[in-house]
Amino acid sequence: MKQLSARIISHQQVFAGLERPAARSTSGSWLMWLKCPGIAGEAVPGQFVMVRCGAESVLPRPFSLHRVNDNGDIALLYAVWEGGKGTGWLSRRQAGDKIELFGPLGNGFSVFPASRHLLLVAGGMGIAPLRFLADVAVRQKKAVTLLMGALSAGHLLPDASPPQELLTDGIPPFNLDIIKVTEDGSAGFKGLATDLIVNHIDRVDQVFACGPVGMYRTMAALSESFPKLKSAQVSLEMRMACGLGTCYGCTIKTKRGLAQVCRDGPVFDLQDVDWEALRPV
Amino acid sequence: MNLAVQIAPEHKSGLLLSNPVMTASGTFGYGTEYPHLFDIQKLGAIVCKGTTYQPREGNPQPRLMETASGVLNSIGLQNIGVKALVREKAPIWAGWRVPVIVNIAGETIDEYARIARELNGVAGVSAIEVNISCPNVSEGGAEFGVDPKTAARVTAAVKASTSLPLIVKLTPNTGDIVKVALAVAEAGADAVSLINTLKGMAIDSRTRRPVIGNRTGGLSGPAIKPVALFMVYEVAGAVTIPVIGCGGITGGSDAVEFIMAGASAVQIGTASFNNPRAPFDILRGIERFMENHGVNDLAELIGAARG
């Protein structure tokens, strides 16, 4: 873990906001690239960083690593909560500004060396850590099928192609298949990313997912018919204070006992978590 | 420059800290989470997570909520229990230079005494800090620390069960914290630390429910600093034992203010979340203040604002 200050290389809004009567709304999602070799050099997909969000915020905010490149740059993809003090402050930073952060933290996704084909299931902002995983897996010459689900076309990652450096270093052909799914049908398939899991599950060696708790509940129900899903690795979001396993603010109950999302996670096996008992953030 | 401070002068072996900066219970785990990150041996002392007799699972989520300049928390004393602490953590601490103080919490006076007995003679444990902000389960659920008589009974029971220096951590959720401080000093406390968190609440207007799973939480952070500072000032004017100041200390100048109010040492809690290096930065800040103001001995600053 490194604690450091990093310069913003670029920062722009990439998704529109979300109005959701049943959940807290967001006013948009932003992509921030940071010059951060100290963290880039250590990070693995699924890990996160804690970002200090200005003098008004007493707690740092946890964000998963969205991308990491060979130049020591890291990217964060984050939603700005409606009325969110920390994410609101962060969204007003500009290229050239410096922000303070520490990480990488937590345990990332575990891709088995023998796995040849991975299924990635992203629900909304859940694309954030999965993009980094897709980049690394493609580089390891694994086939990746990415089910990228969102509310509508405006909430899908606009550029989900492999990193630019891969196009020039002789690794292709890539085997990255991105399948878009939107709830309103404005892009790709109409429905939820989880609707398409059954079409791919037989062909893949491992499943990784990130999305809302409802998505994990659906996957847990599906796993009764498709046992391969039981060991799907899923990333959890939880309110945190320390990010280091010291405050016990993010404890959840798992079938293996109590676990701290920051230190023992944020990646858990689908079958280890009691999804009905878990309250969404 | 002398930053060393004795925080248990009445105790036969005392508790001499190399400097006045301690971590606050519940914000620094067992200290074992950090050695690979920072040189924790440089701290004055580490106060570990609140420890009960049996392991505890803690409270339902959500346990945390940021508020204006503060944090509400209701962790519910999730901890491994005193026996596991003695077995798994103390042997690690025994190899450290920095003293480790075990914070204890009970639901009955007898539980406090039993935890204290488990810690007797354990290598690696330098003192006990008694959290009296727990509900007194056998007597109606009011916090032990609210009433001077009950607070004194807890203190006396722990004192009779331990040979270690004894710090009592006071709650601000009481009518007269000075009376409680005097009562625990009389009952044998070697020092008092204050303040614990202030009881508070947040409501989610969308769900029409309290945000915190346990309904209420303890407020910490810069929001409570003026309250804590005044209570430290009041208590330090009343008791003769050392006072340890705690509540919203975020920078070196905050720590200096608590010391000037009469604190012999300070505890750093919520500030460590935003900045894991906070205790170290605050220690450096105190040193810099002393350098800049020609202060050679920390003792010159203790209570300097009184008078």
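Everything numeric here is computed off the predicted structure, so don't read it as measured data.

Rules and cut-offs
Residues numbered from 1 in each chain as written. Chains lettered and ligands numbered in written order. Predicted model: local features only at pLDDT ≥ 70, side-chain atom pairs only at ≥ 80, totals over all residues. Heavy atoms only, no water. Pairing = 2+ DSSP bridges. Helix = DSSP H or I, 4+ residues; strand = E, 2+ residues; numbered from the N terminus. Axes fitted to C-alpha atoms, helices over the stretch in contact; angles between N-to-C directions. Disulfide = S-S within 2.5 Å. Contact = heavy atoms within 4.5 Å. Buried area = accessible area lost by both parts, 1.4 Å probe. Salt bridge = Lys/Arg side-chain N within 4 Å of Asp/Glu carboxyl O. Polar contact = N/O pair within 3.5 Å; in protein donor to acceptor, adjacent residues only side chain to side chain. Nonpolar A, V, L, I, M, F, W, Y, C, P; charged D, E, K, R; others polar. Buried < 20%, exposed > 50% of the residue type's maximum accessible area, 1.4 Å probe, protein only. Domains from an automatic or database assignment. Parallel < 35°, antiparallel > 145°, perpendicular 65-115°, else oblique. Left-handed = near helix turned anticlockwise from the far one by under 90°. pLDDT = per-residue confidence, 0-100.

1. Structural notes on the sheet that holds strand E6 (residues 70–73) of chain B
All names here are of chain B.
- Taken together, 4 strands build an open sheet; the order of strands is E5-E6-E14-E11 and the sheet is antiparallel. Both edges of this open sheet fall to strand E5 (64–67) and strand E11 (198–201), since each of them pairs with a single strand only. The sheet shows a mean angle of 40° between the axes of neighbouring strands, taken without regard to direction.

2. Thoughts on the state of the cysteines
- Counted under the stated rule, the structure contains 0 disulfides over all chains.
- Of the cysteine sulfurs around Cys 250 of chain A, a residue in no disulfide, the closest is that of Cys 262 of chain A, at 3.8 Å.

3. Considering the interface of chain A and chain B
- At the interface, 31 residues of chain A touch 33 residues of chain B.
- Between chain A and chain B, the buried area comes to about 2,800 Å², and carbon and sulfur atoms account for 55% of it.
- Of all residues in chain A, Val 58, Arg 239 and Tyr 248 of chain A give up the largest surface area on contact with chain B, accounting jointly for 25% of the area buried on that side.
- Viewed at the interface, chain B and chain A are joined by 3 salt bridges.
- A salt bridge links Glu 57 of chain B to Lys 253 of chain A, with the shortest nitrogen-to-oxygen separation between them at 3.2 Å.
- Scanning the region where chain A abuts chain B turns up 15 residue pairs in polar contact (both at pLDDT 80 or more).
- Classifying every residue of the side of chain A that touches chain B gives 17 nonpolar, 6 polar and 8 charged.

4. Let's talk about the pairing of E5 of chain B
Residues and elements named next belong to chain B.
- For E5 and E6, the ladder comprises 4 bridges, and the chain directions are antiparallel. Among the inter-strand pairings, Met 65 is bridged to a residue of E6, identified as Leu 72.
- Taken together, E5 and the strand that follows it, E6, pair antiparallel across an intervening segment of 2 residues, in which Ser 69 is found at a positive phi of about 55°.

5. Let's talk about the pattern of salt bridges
Residue and element names in this part refer to chain A.
- This model, assessed by the stated rule, comprises 23 salt bridges over all chains.
- The salt bridge involving Arg 67 is made with Asp 135; its shortest N-O contact spans 3.3 Å. Of the two residues, Arg 67 is situated in strand E4 (residues 61–68) and Asp 135 in helix H3 (residues 127–139); the sequence distance between them amounts to 68 residues. Neither residue differs from the other here; Arg 67 and Asp 135 are each classed as buried.

6. Focus: the domain arrangement of chain A
Residue and element names in this part refer to chain A.
- Domain annotation for chain A reports domain 1 (2–105) and domain 2 (117–272).
- With centres defined by C-alpha atoms, the gap from domain 1 to domain 2 works out at 19 Å.
- Counting the surface domain 1 buries against domain 2, the share from its top three residues, Phe 15, Pro 45 and Arg 67, is 26%.
- Connecting domain 1 to domain 2 are 6 residue pairs in polar contact (both at pLDDT 80 or more).
- Breaking the side of domain 1 that touches domain 2 down by element, the ones donating at least two residues are strand E1 (2–15), strand E3 (48–51), E4, strand E5 (73–81) and strand E6 (98–105).
- Ranked by residue count, the leading element in the side of domain 1 that touches domain 2 is E4, at 6 residues.
- Split by residue class, the side of domain 1 that touches domain 2 holds 20 nonpolar, 6 polar and 2 charged.

7. A closer look at the packing of helix H4 (residues 177–186) of chain B against helix H5 (residues 225–236) of chain B
Residue and element names in this part refer to chain B.
- At their nearest, the axes of H4 and H5 sit 9 Å apart, and the two run at 45° to each other. Relative to H5, the element H4 is oriented oblique. The chirality of how H4 crosses H5 is right-handed. Contact residues: H4 offers Ile 177, Val 178 and Ala 181, while H5 offers Met 231, Glu 234 and Val 235.
- Of the residues belonging to the contact of H4 with H5, the class tally is 5 nonpolar, no polar and 1 charged.

8. Topic: the pairing of E6 of chain B
- Pairing analysis gives 3 bridges linking E6 of chain B to strand E14 (residues 216–220) of chain B, with the strands arranged antiparallel. Each bridged residue has a counterpart across the sheet, and for Val 71 of chain B the counterpart in E14 of chain B is Ser 220 of chain B.

9. With respect to the confidence of the model for chain B
- Summing up the model confidence of chain B, the mean pLDDT is 95 and the portion of residues at 70 or higher is 99%.
- If you check the scores for this complex, the pTM reads 0.94 and the ipTM reads 0.93.

10. Observations regarding the environment of Arg 284 of chain B
Residue and element names in this part refer to chain B.
- The topology assignment puts Arg 284 in helix H8 (residues 278–292).
- Judged by its relative accessible area of 33%, Arg 284 is partly exposed.
- When the C-alpha atoms of Arg 284 and Gly 252 are compared, they prove to be 7.2 Å apart, with 32 residues separating the residues in sequence.
- Within polar-contact distance, the side chain of Arg 284 engages the side chain of Glu 287 at 3.1 Å.

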